[in-house]
Amino acid sequence: MLRRASMLLACRPILAARARPFSTDLPAAPSADATFTEAWTKVIPNMDPPKTPLSFMQPRPPTPSSIPSKLTVNFVLPYASELATKEVDMVIVPATTGQMGVLPGHVATIAELKPGVLSVHEGSEMTKYFISSGFVFIHANSFADIIAVEAVPLDRLDVNLVQKGLAEFTSKLSSATTDLEKAEAQIGIDVHSALNSALTG
Amino acid sequence: MAMAALRREGRRFAPLISPRPISAVRSSPIVPTHEYEGPIGVRYISTQVVRNRMKSVKNIQKITKAMKMVAASKLRAVQTKAENSRGLWQPFTALLGDLPSVDVKKNVVVTISSDKGLCGGINSTSVKISKGIYKLNSGPEKETKYVILGEKAKAQLIRDSKKDIELIITELQKNPLSYTQVSVLADEILKNVEYDALRIVFNKFHSVVSFVPTVSTVLSPEIVERESESGGKLGELDSYEVEGGETKGEILQNLAEFQFSCVMFNAVLENACSEQGARMSAMDSSSRNAGDMLDRLTLTYNRTRQASITTELIEIISGASALEG
């Protein structure tokens with residue numbers, strides 16, 4: 001009977017406070033916004049304040065005094081992180097003003113991207129992706145964030161389909177009546193001609 | 001042995017399915033045994049009631065176990081998507097920082113919740129946080145509006161904040177979540193709602209048992225300009241060259257919209273993960289409770305059955321002995 005009692009006590013699950021939760025993004029910097037938490041606790045004292053994205057992010061290193069040798073690139077898409085803090089020599093991004101080369105020590109820039117080819121140069125190897133617009137942020141500490149909606153390596157593109165799409169959208173533009181249709185057809189033409197030049201050029 | 005049995009009976013868990021009111025008099029803690037008078041004054045103790053109860057509890061246990069498996073498989077599917085999308089909002093926070101305590105006139109709270117129930121307390125937490133933010137940002141000349149995604153938050157918020165709700169969107173998860181769908185949604189919201197700051201409230205998925213309520217703030221381009229000019233956290237924004245477009249304002253506008261759709265995409269995925277995880281743990285605890293109830297009912301059933309056999313035997317024997325002598 002006493003043995004039963006000890007067995008019962010042993011089996012009872014002890015919910016230990018999880019120090020390290022099983023998760024992929026660990027809260028690195030618990031530098032939550034102090035003003036927010038204070039204001040919250042004043043107005044709603046019974047509830048814990050919600051967390052904010054800052055507490056889930058790794059803090060970025062500050063601007064170094066000398067130009068670093070490598071550029072750290074984060075290339076993210078909605079469904080995957082293509083490159084995460086990868087150190088490269090140079091990237092060439094298709095900004096709306098044309099192809100822009102980014103080297104370590106580039107001035108801080110925010111640029112919008114148009115459909116085109118993104119190439120990542122690391123030593124002697126070069127990887128090319130076709131991206132469908134997005135944004136690139138270049139920070140002063142030689143970090144580059146490229147956010148695109150879609151990106152495919154160039155070998156996955158089919159030339160015939162590109163030609164077909166281009167013809168289709170050109171015909172759509174000529175037969176478009178409203179501004180909206182014209183704009184949509186124009187976007188299709190832009191993307192397909194960029195695809196075309198990516199495959200040929 | 002008797003003490004062990006008594007101790008087992010003494011253990012009280014709060015069952016998920018509320019039993020009939022416990023009648024304190026009888027020996028069985030759950031259900032009163034059904035006694036009624038037979039034709040010649042013979043007493044029958046019916047085990048039918050207990051048996052019915054056992055059948056229904058067993059069915060419920062099967063159902064909740066199945067729901068847990070379904071939630072587990074759905075969780076696996078959404079979890080990979082959510083983890084892959086976690087990199088999406090980080091560049092924006094790195095550039096624009098995070099200012100949840102920004103002071104603006106027009107706040108819009110976007111509450112993300114689930115459509116289906118039985119998922120624990122995550123929807124109530126989201127709604128409580130949204131109401132908290134509303135209260136936090138209330139003041140003279142300030143107004144806060146709600147945009148609701150999901151049936152559960154709609155049911156809770158429509159009760160007392162009906163006039164503050166701008167947009168209600170339901171049936172989000174009918175088709176598998178994709179960025180195109182969320183960007184169309186974001187477009188709708190941005191077109192129809194005037195905002196200075198958008199605060200997205202959702203449950204961030206940490207693990208199968210832990211969901212953290214989170215609020216992400218997206219500022220409109222005018223407020224970004226104002227904050228960067230006044231210095232402080234966004235003061236460095238001015239040092240960034242803006243390439244392309246005719247004016248800086250146009251790029252910032254596109255940036256704000258893109259940021260909103262990216263943050264929404266991540267938020268919706270994380271909330272879906274949290275919903276499945278919460279449903280898993282709710283259904284798991286419910287099946288465990290059902291199992292416990294079933295054990296207790298089985299004991300009651302056996303006791304009742306043995307008692308009725310004993311009663312019959314006693315009556316027969318006493319009847320026989322009365323005839324003899």
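From a predicted model like this one, the values you see are computed outputs, not experimental measurements.

### Observations regarding the overall build of chain A
Stage number 1. Tallying secondary structure elements over chain A gives four helices and ten strands in all.
Stage number 2. Going from the N terminus to the C terminus, chain A shows its helices and strands as α-α-β-β-β-β-β-β-β-β-β-β-α-α.
Stage number 3. Looking at chain A residue by residue over its 201 residues, the buried ones come to 39%.
Stage number 4. Looking at chain A alone, contacts between residues at least 24 apart form 50% of all its contacts between residues at least 6 apart.
Stage number 5. Total accessible area on chain A is roughly 11,500 Å²; 60% of this is exposed by carbon and sulfur atoms.

### Brief notes about the pairing of strand 1 (residues 71-77) of chain A
Residues and elements named next belong to chain A.
Stage number 1. Burial analysis of strand 1 places seven of its seven residues in the buried class, which makes it a mostly covered element.
Stage number 2. Judged by which residues are buried, strand 1 turns out to be covered on both faces: Leu 71, Val 73, Phe 75 and Leu 77 on one side and Thr 72, Asn 74 and Val 76 on the other are all buried.
Stage number 3. With six bridges connecting them, strand 1 and strand 2 (residues 80-88) associate as antiparallel partners. Among the inter-strand pairings, Phe 75 is bridged to a residue of strand 2, identified as Leu 83.

### Examining the packing of aromatic side chains
Stage number 1. A full pass over the atoms with the stated rule returns nine aromatic pairs over all chains.
Stage number 2. Ring geometry for A:Phe135 and A:Phe137: centres 6.3 Å apart, planes at 45 degrees, overall tilted.
Stage number 3. For A:Phe135, a relative accessible area of 3% translates into the label buried.
Stage number 4. Taking 5.6 Å as the distance between ring centres and 10 degrees as the angle between the ring planes, the aromatic pair formed by B:Tyr134 and B:Tyr146 counts as stacked. Here the residue B:Tyr134 occupies a position in helix 4 (residues 122-136), and B:Tyr146 occupies one in strand 4 (residues 143-149), the gap between them amounting to twelve residues.
Stage number 5. Sitting over the face of the ring of A:Phe169, A:Lys172 holds its NZ or CZ atom 4.8 Å from the ring centroid.
Stage number 6. Its guanidinium or amino end placed over the ring of A:Phe56, B:Lys204 lies 4.8 Å from that ring's centre, counting from NZ or CZ.

### Details of unusual backbone geometry
Stage number 1. Even without glycine at this site, A:Ser142 takes up a positive phi of about 60 degrees.
Stage number 2. Look at B:Glu141: it is not a glycine, yet its phi comes out positive at around 65 degrees.
Stage number 3. Relative to the assigned elements, B:Glu141 resides in the loop between helix 4 and strand 4.
Stage number 4. Judged by its relative accessible area of 66%, B:Glu141 falls in the exposed class.

### A word on the nonpolar core
Residues and elements named next belong to chain B.
Stage number 1. Among the nonpolar cores identified, the biggest contains 66 residues, and Leu 149, Ile 200, Leu 255, Phe 260 and Met 264 are the most heavily contacted of them.
Stage number 2. Looking at this core, the element that brings in the most residues is helix 8 (residues 248-324), giving 15 residues.
Stage number 3. Excluding residues within four positions of it along the chain, Phe 260 makes contact with Ala 186, Ile 189, Leu 190, Leu 198, Ile 200 and Val 218.

### With respect to the UniProt feature "domain: ATP synthase F1 complex delta/epsilon subunit N-terminal" (unreviewed entry) in chain A
Stage number 1. The feature "domain: ATP synthase F1 complex delta/epsilon subunit N-terminal" (unreviewed entry), as annotated in UniProt, sits at residues 72-142 of chain A in this numbering.
Stage number 2. Summarising residues 72-142 of chain A: 0% helix, 70% strand, and an end-to-end C-alpha distance of 6 Å.

### A short note on helix 7 (residues 221-229) of chain B
All names here are of chain B.
Stage number 1. Taken together, the buried positions of helix 7 are Pro 221, Ile 223, Val 224, Glu 227 and Ser 228. Each buried residue of helix 7 lies within a common arc of 155 degrees when the element is viewed along its axis, so the set occupies one face. Along helix 7, the residues that are exposed and aim more than 90 degrees away from the buried face are Glu 222 and Glu 229.

### Section: the domain arrangement of chain A
Interface size is commonly expressed as the accessible surface area that is lost when the partners come together.
Residues and elements named next belong to chain A.
Stage number 1. You can read the domains of chain A as domain 1 (68-156) and domain 2 (159-200).
Stage number 2. When domain 1 packs against domain 2, the two sides together hide about 400 Å² of surface, and 88% of this comes from carbon and sulfur.
Stage number 3. Contact with domain 2 buries area across many residues of domain 1, yet Pro 115, Phe 130 and Leu 154 alone supply 85% of it, more than any other trio.
Stage number 4. Between domain 1 and domain 2 we count zero salt bridges in total.
Stage number 5. Grouping the constituent residues of the side of domain 1 that touches domain 2 by class yields four nonpolar, no polar and no charged.

### So, the sheet that holds strand 7 (residues 210-219) of chain B
Residue and element names in this part refer to chain B.
Stage number 1. Reading across from one edge, 5-4-3-6-7 is the order of the five strands in this open sheet, with mixed pairing throughout. Looking at which strands have only one partner, the edges of the open sheet turn out to be strand 5 (165-169) and strand 7. Sheet twist, expressed as the mean angle between neighbouring strand axes with direction ignored, is 20 degrees.
Stage number 2. As defined by bridge partners, strand 3 (residues 106-112) adjoins strand 6 (residues 197-207) across five bridges and the pair is classed as parallel. If you follow Asn 107 over to strand 6, its bridge partner there is Ala 197.
Stage number 3. Across the face of the sheet, helix 6 (residues 179-192) comes into contact with strand 4, strand 5 and strand 6 while running at roughly 165 degrees to strand 5.

### Structural notes on a nonpolar patch on the surface
Stage number 1. Together, B:Ile309, B:Leu313, B:Ile316 and B:Ile317 give the surface a local cluster of nonpolar side chains, amounting to about 390 Å² of exposed area.
Stage number 2. Within the secondary structure, B:Ile317 sits in helix 8.

### Quick word on the interface of chain A and chain B
Stage number 1. In this assembly, 49 residues from chain A lie in contact with 54 residues from chain B.
Stage number 2. Counting each side, the surface lost to burial between chain A and chain B is near 4,600 Å², with a carbon and sulfur contribution of 70%.
Stage number 3. Remark: the boundary between chain A and chain B carries five residue pairs in polar contact (both at pLDDT 80 or more).
Stage number 4. Elements represented by at least two residues in the side of chain A that touches chain B include exactly helix 1 (2-11), helix 2 (34-43), strand 1, strand 2, strand 5 (109-113), strand 8 (134-138) and strand 9 (143-148) of chain A.

### Describing the packing of helix 4 of chain B against helix 5 (residues 151-160) of chain B
All names here are of chain B.
Stage number 1. Two elements in contact, helix 4 and helix 5, have axes separated by 9 Å at closest approach and are oriented at 40 degrees. It follows from the interaxial angle that helix 4 and helix 5 lie oblique. In the crossing of helix 4 with helix 5, the sense of the turn from one axis to the other is right-handed. Contact with helix 4, carried on its side by Asn 123, Ser 124, Val 127 and Lys 131, involves Lys 152, Ala 153, Gln 156, Leu 157 and Asp 160 of helix 5 and no other residues of that element.
Stage number 2. Split by residue class, the contact of helix 4 with helix 5 holds three nonpolar, three polar and three charged.

Procedures and definitions
Residues numbered from 1 in each chain as written. Chains lettered and ligands numbered in written order. Predicted model: local features only at pLDDT ≥ 70, side-chain atom pairs only at ≥ 80, totals over all residues. Heavy atoms only, no water. Helix = DSSP H or I, 4+ residues; strand = E, 2+ residues; numbered from the N terminus. Buried < 20%, exposed > 50% of the residue type's maximum accessible area, 1.4 Å probe, protein only. Contact = heavy atoms within 4.5 Å. Areas by Shrake-Rupley, 256 points an atom, 1.4 Å probe, with all protein chains shown as cover. Pairing = 2+ DSSP bridges. Phe/Tyr/Trp six-rings, centres within 6.5 Å; stacked < 30°, edge-to-face > 60°. Lys NZ or Arg CZ within 6 Å of the ring centre and 35° of its normal. Core = buried A, V, L, I, M, F, W, Y, C linked by side-chain atoms within 4.5 Å. UniProt positions renumbered as here; feature names shortened; annotations may be inferred. Arc of directions from axis to C-beta. Domains from an automatic or database assignment. Buried area = accessible area lost by both parts, 1.4 Å probe. Salt bridge = Lys/Arg side-chain N within 4 Å of Asp/Glu carboxyl O. Nonpolar A, V, L, I, M, F, W, Y, C, P; charged D, E, K, R; others polar. Axes fitted to C-alpha atoms, helices over the stretch in contact; angles between N-to-C directions. Patch = residues over 30% accessible without salt bridge, like charges linked within 9 Å, V, L, I, M, F, W, Y side chains within 5 Å. Polar contact = N/O pair within 3.5 Å; in protein donor to acceptor, adjacent residues only side chain to side chain. Parallel < 35°, antiparallel > 145°, perpendicular 65-115°, else oblique. Left-handed = near helix turned anticlockwise from the far one by under 90°.

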